[in-house]
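The chain contents come next:
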Number of protein chains: 2
Amino acid sequence: MSPTTTARLMDGTGLARRIVEDAATRAAEISTRTGATPCLATVLVGDDPASVTYVRMKRSRSAKAGITSRHIALPATTSTAELVDTLGALSDDPGVHGILLQHPVGPHIDERAAFEAIAPQKDVDGVTLSSFAAMSFSLPGFVSCTPGGIMRLLAEYRVDLAGKHAVVVGRSAILGKPVGMLLLAQDATVTYCHSRTRNLSALVREADVVVAAVGRPRLVRGEDIKPGAVVLDAGYNAGNVGDVDFDAARTRAELITPVPGGVGPMTIAVLLAQTVDAAAQQLDSGS
Amino acid sequence: MSPTTTARLMDGTGLARRIVEDAATRAAEISTRTGATPCLATVLVGDDPASVTYVRMKRSRSAKAGITSRHIALPATTSTAELVDTLGALSDDPGVHGILLQHPVGPHIDERAAFEAIAPQKDVDGVTLSSFAAMSFSLPGFVSCTPGGIMRLLAEYRVDLAGKHAVVVGRSAILGKPVGMLLLAQDATVTYCHSRTRNLSALVREADVVVAAVGRPRLVRGEDIKPGAVVLDAGYNAGNVGDVDFDAARTRAELITPVPGGVGPMTIAVLLAQTVDAAAQQLDSGS
């Protein structure tokens, strides 16, 4: 059976590349103008292989964009107090402009206490409560990177959100909750769905915009996508499978992100862009 | 035409009275134990008659509950900087345990800057960004008073929110947004509707729980209430009219708040309860 329509793909890889090129241009300009190079501190607790890979990727992309990175590898046995001290010291260090604490930090650590030790003006990953509140009330501040990437994709493809019904599947602190607030700030009607939601299918069927951010392979069924909907899949599960059944969804959606190459590359791009923003703010204010 | 069913009324007046009685008992216990009386500072800018009345009511209820109040009346010409200074001084004053800045403060003042000058541990009205983030992530902190009152009504009437679809009409900083986050924390599926929402009726028709918080008389039509739904009306418009068409809604809902006597009285009750909580925390920690 051949599909009657095929969705246009939202090219996260291409948009991310342009954002990183722009960040690199701005980083070079800052270095020339101030003599200081934008610097991202990456903090990793333990040696979870996926986390090691993510941090390595973020550092390598930073380097390509002309952003220095300073890596702090802490043993898995690190206590909350030690981690808070480390993040506090980086927050006070004028040579560091952005701070990334790789998630997850291990069950014995109070992750919220750790996040809150990051100074809001260096919170380029958008994980502090202050950043969340800023996103919720359209105040200045850094956005969580994956939500920020989703919003940039929507802007790039000129999706007018006003009055649209956006269904967010997932309510995590750094993805579901903030992306819902960002969509609401752009006048979407926003529904938060999650593991306790009954009748997810019925809610998805009404959505003009679907954001899947829950980490369960193909949880969102293609047949539930409303014809003409915009689908953003922030899920990334084993075997390059998203949270949306892509093959079925693309026959109904108007715009859809592929996995990989959709939302994924946007996350690092926003991280780097915000690191350069942070450096510019801190160096220009002379702090 | 006589209604086929009639909703049970959620008695906010009665519940608020019990909450205030409990606050009074605790306030007396604190006074006896520590020698210090819980103190609420009320700050009013200008002389808007409705605001004057609200503040007077809050102070009179405080007095009846054994809570001292200290009133600061500022002229309408007060600048943001002057208001921030006043609130900062109250935040530092060990004799003040809770601070209420009466809303609205006038268009020439940066209300957000003013709210942020309130120390989170004295934010008994739940207006700071820190309090909003705490509500959003189920962290310790004070809740916005009207949302807190709505949640207490739901608890009192044993409404199990898990998996229920809650539709919040309104997205203000101290009502719609926080109540949605509190409902989400109790595992409801939450939809935020607002002035740009298309097809509000269709969304209300699916709601197991409706929270109307927008200040437009009878915006929510009774015929849209799903049979058996729970309806909380935080609207209060001229002529004792809520945001819900009460007469029609009560023939379909299972539980509904009257206007007045529903959500309204809960707001002050939560304010007083949180003032006593704040006093207990501050006096017991010796600060």
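Conventions adopted
- Residues numbered from 1 in each chain as written.
- Chains lettered and ligands numbered in written order.
- Predicted model: local features only at pLDDT ≥ 70, side-chain atom pairs only at ≥ 80, totals over all residues.
- Heavy atoms only, no water.
- Buried < 20%, exposed > 50% of the residue type's maximum accessible area, 1.4 Å probe, protein only.
- Helix = DSSP H or I, 4+ residues; strand = E, 2+ residues; numbered from the N terminus.
- Pairing = 2+ DSSP bridges.
- Contact = heavy atoms within 4.5 Å.
- Buried area = accessible area lost by both parts, 1.4 Å probe.
- Salt bridge = Lys/Arg side-chain N within 4 Å of Asp/Glu carboxyl O.
- Nonpolar A, V, L, I, M, F, W, Y, C, P; charged D, E, K, R; others polar.
- UniProt positions renumbered as here; feature names shortened; annotations may be inferred.
- Core = buried A, V, L, I, M, F, W, Y, C linked by side-chain atoms within 4.5 Å.
- Axes fitted to C-alpha atoms, helices over the stretch in contact; angles between N-to-C directions.
- Expected span 1.5 Å × (residues − 1).
- Arc of directions from axis to C-beta.

So, on to the pairing of strand β8 (residues 230-233) of chain A. Residues and elements named next belong to chain A. Here β8 shows two buried faces, one formed by Val-230 and Leu-232 and the other by Val-231 and Asp-233. The sheet contact formed by strand β7 (residues 209-212) and β8 spans four bridges and is parallel. In the strand pairing of β8, Val-211 is matched with Leu-232. Alignment of β8 against strand β9 (residues 255-256), held across two bridges, turns out to be parallel. Bridging across to β9, Val-231 finds its partner in Ile-256.

The next thing to look at is the interface of chain A and chain B. Each side of the interface is counted separately: chain A has 29 residues, and chain B has 29 residues. For the pair chain A and chain B, the summed buried area comes to about 2,700 Å², and 63% of that belongs to carbon and sulfur atoms. Taken as a group, Phe137(A), Leu184(A) and Tyr192(A) account for 20% of the area that chain A buries against chain B, more than any other trio of residues on that side. At the boundary of chain A and chain B, one finds four salt bridges. Across the pair Arg171(A) and Asp187(B) runs a salt bridge whose closest N-O atoms are separated by 2.8 Å. Broken down by secondary-structure element, the contributors of at least two residues to the side of chain A that touches chain B are α5 (129-136), α7 (176-185) and β6 (189-193) of chain A. It is β6(A) that provides the largest number of residues to the side of chain A that touches chain B, a total of five residues. A per-class count over the side of chain A that touches chain B returns 14 nonpolar, seven polar and eight charged. Relative to strand β6 (residues 189-193) of chain B, β6(A) runs antiparallel, the two sharing three bridges. Residue Tyr192(A) lies in a different strand from β6(B), and its bridge partner there is Val190(B).

UniProt annotation of "domain: Tetrahydrofolate dehydrogenase/cyclohydrolase NAD(P)-binding" (unreviewed entry) refers to residues 144-282 of chain A when read in the numbering used here. Along residues 144-282 of chain A, the helical share is 37% and the strand share 14%, with 19 Å between the first and last C-alpha atoms.

The next point concerns the nonpolar core. Judged by nonpolar contacts, the single largest core of 95 residues is most densely connected at Leu154(A), Leu183(A), Leu232(A), Leu183(B) and Leu232(B). Counting residues per element, this core draws most heavily on helix α10 (residues 264-284) of chain B, at 11 residues. Once residues lying within four places of it in the same chain are set aside, the contact partners of Leu183(B) are Met151(B), Leu154(B), Leu161(B), Ala166(B), Val168(B), Ala188(B), Val190(B) and Val211(B).

As a further point, take the sheet that holds strand β4 (residues 98-101) of chain B. Residues and elements named next belong to chain B. In space, the three strands of this open sheet follow the order β3-β2-β4, with parallel pairing throughout. In this open sheet, the two strands that pair with only one neighbour each are β3 (68-74) and β4. Each strand of the sheet is rotated relative to its neighbour by a mean of 15°, with strand direction disregarded. For strand β2 (residues 39-45) and β3, the ladder comprises seven bridges, and the chain directions are parallel. Pairing of Val-43 across the sheet is with Ile-72, part of β3.

Residues and elements named next belong to chain A. For helix α2 (residues 49-64), with 16 residues, the first-to-last C-alpha span of 23 Å sits near the 22 Å given by 1.5 Å per residue. Taken together, the buried positions of α2 are Ser-51, Val-55, Lys-58 and Ser-62. All buried residues of α2 fall inside an arc of 60° around its axis, so they share one side. The outward face of α2, more than 90 degrees from its buried face, is lined by the exposed residues Pro-49, Arg-56, Ala-63 and Lys-64. In this structure, the buried side of α2 is in contact with β2 (39-45), β3 (68-74), β4 (98-101) and α10 (264-284).

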